[in-house]
Amino acid sequence: MKRLLLILFILLFALQANAQQDPQYTQYMYTMNTINPAYAGSTESLSIGALFRSQWVGLDGGPETFTFNVHAPVGERVGLGLSVIADQIGPVKETNTYVDFSYTIPVGAVSQFAFGIKGGFTSHDIGIGESQITVMDSGDPFFSSAINETTPNIGAGIYFYNPQKYYVSVSIPNILNGVHLDANGTKIGSEREHFFAAAGYVFDLSENFKLKPHTLVKYAVDAPISYDINANLFMYDMVELGIGYRLDDSFSGMINFKVFDNLRIGYAYDAIRSDLDIVTNSSHEVFINFDISLSSKISRSPRYF
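Below you will find a few notes about this structure. All values derive from a computational prediction rather than experimental measurement.

1. Here's the deal with the overall build of the protein
Link 1 in the chain: Counting its secondary structure elements, the protein contains one helix and 17 strands.
Link 2 in the chain: Scored against the burial criterion, the 305 residues of the protein give a buried share of 47%.
Link 3 in the chain: Taking contacts inside the protein between residues at least 6 apart in sequence as the whole, the part at least 24 apart equals 56%.
Link 4 in the chain: With an accessible surface of roughly 14800 Å², the protein has 64% of that area assigned to carbon and sulfur atoms.

2. Side note on the packing of aromatic side chains
Link 1 in the chain: Under the counting rule described, the total for this entry stands at 11 aromatic pairs.
Link 2 in the chain: With 6.0 Å between their ring centres and 45° between their planes, Y103 and F115 make a pair best called tilted. Here the residue Y103 occupies a position in strand β4 (residues 92-106), and F115 occupies one in strand β5 (residues 112-126), the gap between them amounting to 12 residues.
Link 3 in the chain: With relative accessibility at 29%, the residue Y103 sits in the partly exposed group.
Link 4 in the chain: Judged by relative accessible area, which is 37%, F115 ranks as partly exposed.
Link 5 in the chain: Each ring, one from F160 and one from Y166, has its centre 5.7 Å from the other, and the planes form 40°; the classification is tilted.
Link 6 in the chain: Linked through ring pairs, Y39, Y159, Y161 and Y167 together constitute an aromatic cluster.

3. Observations regarding the pairing of strand β12 (residues 209-220)
It is a general feature of regular strands that their side chains alternate between the two faces of the sheet.
Link 1 in the chain: Along β12, the buried face is formed by K210, K212, H214, L216, K218 and A220; none of F209, L211, P213, T215, V217 and Y219, which line the opposite face, is buried.
Link 2 in the chain: Counting the residues that bridge the hairpin from strand β11 (residues 203-204) to β12 gives four residues.
Link 3 in the chain: Inspection of the sheet shows β12 paired to strand β13 (residues 226-235) by 10 bridges, in the antiparallel sense. The residue of β13 that forms the bridge with P213 is A231.
Link 4 in the chain: Once β12 ends, the chain turns through five residues before running back antiparallel as β13, passing D222 with a positive phi of about 70°.

Procedures and definitions
Residues numbered from 1 in each chain as written. Predicted model: local features only at pLDDT ≥ 70, side-chain atom pairs only at ≥ 80, totals over all residues. Heavy atoms only, no water. Helix = DSSP H or I, 4+ residues; strand = E, 2+ residues; numbered from the N terminus. Buried < 20%, exposed > 50% of the residue type's maximum accessible area, 1.4 Å probe, protein only. Contact = heavy atoms within 4.5 Å. Areas by Shrake-Rupley, 256 points an atom, 1.4 Å probe, with all protein chains shown as cover. Phe/Tyr/Trp six-rings, centres within 6.5 Å; stacked < 30°, edge-to-face > 60°. Pairing = 2+ DSSP bridges.

Right under this line is the structure:
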């Protein structure tokens, strides 16, 4: 069984090395600056968010992701942000820490066009010595000590939006092809570019009901294109219900509450429909977003993105 688990972890690790590597989110519309630095500062407030995702529940060593992000406008056109993504699959831990910078140009009366860059580091660690790996060859020099590598990376993105109506986001959060581990000339866990494109729109169904369709397209070099399609119904400016589909992976259900004007909490459930459904049937995701107003205005325009 231990050997089987080790083989499974290696396969998962290899899958990340050759396909989609970056964590995926069902509620990506509420953690946008983790994938696009141009989103930083797009609110009138100091925005703080946290998200936890448990993927493939029931699969021993399945991915778990914790995300923390904070961003705010600095002056009229500049935004700054910080994002930390801690991702673990079995004994493999990856932590991404980035600083975001954006610059916004007004387009018309309400719409804005922002471009941004991010820079930071990725730390990659395999839990040797923590009883997480059973090594079949105890004399293998590759596993003789802890494996921990830190590599730099940069990213960029653009964000075009009207906060009451729509948004379009295009980004590459990791541009550099870093190699986390190099085992005797064999690259393991090399970082590949990921491209993200997202869009959303608000349809006013009535005074108290708004329909918010979203889509996210993901592409990693040497991997198939994947996409998410979601539709959220926002009711009475308080409760949001949503459904979604991820290509060849899952169907999703979402709910979030606007507890106060500056506090939103949400939950998403993914029903697995891929080949993994023989060992797992669900993924779970929770988030919380909190805003601290930086504006001296008495009233602020409603915001849906």
